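Summary of structural features
The lines below spell out each chain.
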Amino acid sequence: DGLKPNIVCYASLSLTFANAGLWSKVEDLQEELTQDSLTMNSHFLFALLLSYSKGKPRQSDRAEAAFRKAMASGMEINQHLRSVLNSALGRPRCQLVLQDLKLVGP
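Just so you know, these numbers come straight off a predicted model, no measurement behind them.

Take the packing of aromatic side chains next. Enumeration over the complete set of coordinates arrives at 1 aromatic pair. Between the aromatic rings of Trp23 and Tyr52, the centroid separation amounts to 6.2 Å while the plane-to-plane angle is 50°, which identifies the pairing as tilted. Note that Trp23 is positioned in helix α2 (residues 23–35) and Tyr52 in helix α3 (residues 42–54), a separation of 29 residues in sequence. Here the two residues Trp23 and Tyr52 agree in accessibility, since each one is buried.

Structure (structure tokens):
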């Protein structure tokens, strides 16, 4: 059976794929961490959003859906997440999403 990876392992590994824009690999890791009964943290979400922003083509719809789901689950937003969301969605769409989620004023 061996040792099970923790969320830090998943988040660290996901960054390797994210920087290469391999969003499907990061999604695979997300599925694995869920199967291991782990909860995504902000570091993993950052990597997921980064993979979407660096994907060819950029995966804006996936990024928005992942961000909305994470915020709905109670995850706290930070400056790193704001920045990578901006990269994944583009500034106008990012602002609209943040306003819609009441994470920034109009």
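Once that is clear, we can look at the pattern of salt bridges. The final tally for this structure, using the stated rule, is 6 salt bridges. Measuring nitrogen to oxygen at the nearest pair gives 2.9 Å for the salt bridge that ties Glu64 to Arg68. Of this pair, Glu64 and Arg68 both sit in helix α4 (residues 60–72), 4 residues apart, which is roughly one turn of that helix. Owing to a relative accessible area of 15%, Glu64 belongs among the buried residues under this scheme. Within the structure, one salt-bridge network assembled from shared partners comprises Asp61, Glu64, Arg68, Arg93 and Asp100.

The rules behind these values
- Residues numbered from 1 in each chain as written.
- Predicted model: local features only at pLDDT ≥ 70, side-chain atom pairs only at ≥ 80, totals over all residues.
- Heavy atoms only, no water.
- Phe/Tyr/Trp six-rings, centres within 6.5 Å; stacked < 30°, edge-to-face > 60°.
- Helix = DSSP H or I, 4+ residues; strand = E, 2+ residues; numbered from the N terminus.
- Buried < 20%, exposed > 50% of the residue type's maximum accessible area, 1.4 Å probe, protein only.
- Salt bridge = Lys/Arg side-chain N within 4 Å of Asp/Glu carboxyl O.

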